[in-house]
Amino acid sequence: MFETLLHFFFKLSRALLDCLSIVFGLLNPSKVRRLPPISDSILLRSSVELSRKIKSGELRSEQVVKAYCKRIEQVQPFINAVVDSRFEKALEEAREVDRKIAEILSGKVDEELLLSKPLLGLPFTCKDSIAIKDMNFDAGSLLLKGNKATNNATVINNLCKSGGIPVALTNVPELVLWWDSDNRIYGRGNNPYDLSRITGGSSGGEAALIAACGSLVGVGSDIGGSIRLPSMCCGVFGHRTTPGVIPIEGMYPPPCDGWLPYLSFGPLCRYAVDIIPMLKAMAGPEVERLNLDKKVDLSKLKIYYMLNDGGNPLNSPVSEEIQLSMKQAVKYFENKYKVEIIKLDLKEMRDAFLFWIYAMKSGDYYTLSSELNLRKNEINPLLELIKSIFNLSRFTRPLLLLACLEKFSPSPDSKFAKSLMRKLDNLKLKLLKILGSDGVFFYPTLPIPAVKHKTTIFSGLNCGYTMIFNVLSFPATHCPMGLGKENVPIGFQVASSPFNDRLTIAVACELERAFGGWVSPSF
Ligand SMILES: *[C@@H]1O[C@H](CO)[C@@H](O)[C@H](O)[C@H]1NC(C)=O
Ligand SMILES: *[C@@H]1O[C@H](CO)[C@@H](O)[C@H](O)[C@H]1NC(C)=O
């Protein structure tokens, strides 16, 4: 009886939040405005193709870097994705690459090693929470405004060793802790398909810039969905790697030990073929465990799927069009590869948000009220929330609201939290057994496409859809599946058991072939 009442109460709350979301959305009418046309065909080539052309001398790295710098200047006024750039230095580095390649091609020097670099002369971008020496390093926190990185993050050094050239740094939510890329330093990023909508987050500037052809490939991090959520909102590919494969030193906030099983870096890109070269370039020696060069026989896969999270009454229902895209994808694999398709019904999936909250609090951790104050003494979130109404707070509203809620939540040592963690352990064992070494799991990335600005607080818990694979330590790839009826991207994620990233990436490549992948937001 009590449960039924509670369920009814949650459903009612959901309906109320939906109404608020609609009202706020109406205050902010759609701005479906096509971005400037793409006049340079360089911007429509994958990194694999560009790399081949640069290495054969058919194209110069400088041309590629220049094309992207120009495009950034063109789209930035629309999407506000870039927070810092290094165009001059990048062009210098590109010319240096061109000089070396010319020498090799003319037989002056023998440097085969140089030609084996996967990203030789290719530009990339990175979110503003991962350090690039001498560039802004503030993670969107007003308290860190003006801070510059004194060193490169390891992943940036790895990318540079692979020949990559950093061009720009992109917008994130405050401390990369929410999924709307809006902060008190740079303001909010806009969705390239409809400027009145969010880019998602926390790698929101990355996803928006890549979707708008302002970047070829980008570096993201994902502890709750920060690669996949913006990839979903902006219609690009985003791969959350198995944790431990790509080094994570050099990010803000520096991860607590307890976060390590859930946090990982990964690439965002327009073309699915670019995921693997980027992954190899970003990773450390652990990449061997992924067997990325081993061919995937798609006909040997088993496809498991769920069209929703098992019914969390506080989450938005999964939209018809997202469900349809998943059904079409499943049907495609069934027809073309005759693979086994199994629909799962795991009710435990719906507790994702709670699993995540308590997973983050395992071991040493900081309360959100202290995290917001750069891990110093706690702020008073209620007071700040009231101040924020009058634009007097240094912090963003969704995080203040979460910090208030945190005050009332049961402690990680409570019976409630302990029983949740046991439930999660059981779910993990169950899923590891189900997926084995040849299973992939189709699951929504978000139940609805990108929402209007300022409305994420009404559908905040929807990010449970991505968080579930963080708490399970699974890899997952977001796959764009075209535009929905409101002309904004739809899609879903494909997960697998740990270290089977090559399966989800192979599925992403196949879905791109079959359904077209990224769609241009320009004419
Ligand atoms: C850091 O990365 C930049 C950008 O690629 C590179 O030019 C520079 O040499 C690196 N610095 C160090 C100290 O490794
Ligand atoms: C809020 O305050 C900041 C300065 O702290 C100012 O730049 C901004 O324009 C203000 N926003 C509004 C909506 O008044």
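Since the model is a prediction, treat every value here as computed from it, not as a measurement.

Scoring rules and cut-offs
Residues numbered from 1 in each chain as written. Chains lettered and ligands numbered in written order. Predicted model: local features only at pLDDT ≥ 70, side-chain atom pairs only at ≥ 80, totals over all residues. Heavy atoms only, no water. UniProt positions renumbered as here; feature names shortened; annotations may be inferred. Helix = DSSP H or I, 4+ residues; strand = E, 2+ residues; numbered from the N terminus. Contact = heavy atoms within 4.5 Å. Patch = residues over 30% accessible without salt bridge, like charges linked within 9 Å, V, L, I, M, F, W, Y side chains within 5 Å. Areas by Shrake-Rupley, 256 points an atom, 1.4 Å probe, with all protein chains shown as cover. Salt bridge = Lys/Arg side-chain N within 4 Å of Asp/Glu carboxyl O. Buried < 20%, exposed > 50% of the residue type's maximum accessible area, 1.4 Å probe, protein only. Near = heavy atom within 4 Å. Polar contact = N/O pair within 3.5 Å; in protein donor to acceptor, adjacent residues only side chain to side chain. Core = buried A, V, L, I, M, F, W, Y, C linked by side-chain atoms within 4.5 Å. Pairing = 2+ DSSP bridges. Axes fitted to C-alpha atoms, helices over the stretch in contact; angles between N-to-C directions.

**Student:** What am I meant to see in the UniProt feature "active site" (unreviewed entry) in the protein here?
**Tutor:** The sites that UniProt annotates as "active site" (unreviewed entry) are Lys127, Ser202 and Ser226. These annotated residues cover 100 residues of sequence, and their C-alpha atoms lie no more than 10.5 Å from one another, placing them together at a single site. Along the polypeptide, Ser202 turns up in the loop between strand E5 (187-188) and helix H7 (204-211). In contact with Ser202, other than residues within four places in its own chain, are Lys127, Asn171, Val172, Pro173, Val176, Trp178, Ser181, Ser226 and Pro230. Along the polypeptide, Ser226 turns up in the loop between strand E6 (217-222) and helix H8 (228-234).

**Student:** I tried to follow a nonpolar patch on the surface on my own but got confused; where do I start?
**Tutor:** A contiguous nonpolar patch, built from Leu16, Leu20, Val23, Phe24 and Leu27 and spanning about 480 Å² of accessible area, is present on the exposed surface. The residue Leu20 is located in helix H1 (residues 2-26) in this model. Relative accessible area serves as the criterion here: at 33%, Leu20 is assigned to the partly exposed category.

**Student:** Even after reading the chapter, I still don't get unusual backbone geometry, so can you show me in this structure?
**Tutor:** Negative phi values dominate among residues other than glycine, just as trans dominates among peptide bonds. Along the chain, Gly201 connects to Ser202 via a cis peptide bond; the corresponding omega equals 15°. Here the bond from Tyr252 into Pro253 is cis, since omega is -5°, no more than 30 degrees from zero. Here Pro253 lies in the loop between strand E7 (237-240) and strand E8 (264-269). One non-glycine residue with positive phi stands out, namely Asn80, at about 45°. Residue placement: Asn80 occurs in the loop between helix H3 (61-79) and strand E1 (82-85).

**Student:** Is there a simple way to explain the site of ligand 1 in this structure?
**Tutor:** Taken together, Arg86, Glu93, Asn152, Asn157, Cys160 and Pro166 make up the full set of residues adjacent to ligand 1. Between ligand 1 and Asn152, the relevant distance is 2.3 Å, taken from an oxygen atom to a side-chain nitrogen or oxygen of the residue. A distance of 3.3 Å separates an oxygen atom of ligand 1 from a polar atom in the side chain of Asn157. About the coverage of ligand 1: the protein hides 59% of its 360 Å² of free accessible area.

**Student:** In this structure, what is going on with the nonpolar core? I would like to understand it.
**Tutor:** Among soluble globular proteins, nonpolar side chains are generally buried collectively. If you look at the biggest cluster of nonpolar residues, it comprises 169 residues, and the most contacted ones within it are Val155, Phe333, Met349, Leu431, Phe441, Phe442 and Ile468. Tallying contributions element by element places H3 first for this core, with nine residues. Sequence-distant contacts of Ile468, defined by excluding residues within four places in its chain, comprise Met349, Ala352, Phe355, Leu427 and Tyr443.

**Student:** Would you explain the sheet that holds E6 in this entry?
**Tutor:** Remark on secondary structure: sheet strands pair via backbone hydrogen bonds, oriented parallel or antiparallel. In space, the 11 strands of this open sheet follow the order E1-E3-E2-E6-E8-E7-E12-E13-E11-E9-E10, with mixed pairing throughout. Each edge of the sheet is formed by a strand with only one pairing partner; in this case those strands are E1 and strand E10 (340-343). For this sheet the average axis-to-axis angle between neighbouring strands, irrespective of direction, equals 25°. Judged from the three bridges that link them, strand E11 (residues 439-443) and strand E13 (residues 489-495) form a sheet pairing that is antiparallel. Considered in E13, the bridge of Tyr443 is made with Gln493. Packed on one face of the sheet, H3 meets E1, strand E2 (123-127) and strand E3 (165-170) and runs near 10° to E3.

**Student:** Help me understand the pairing of E13 in this model?
**Tutor:** Two faces belong to every sheet, and in a regular strand the side chains alternate between them. Summarising burial for E13: seven of the seven residues are buried, a large majority. Of the two faces of E13, both are covered, the one formed by Pro489, Gly491, Gln493 and Ala495 as well as the one formed by Ile490, Phe492 and Val494. Sheet topology places strand E12 (residues 476-483) next to E13; six bridges connect them, and they run antiparallel. The residue of E13 that forms the bridge with Pro480 is Gly491.

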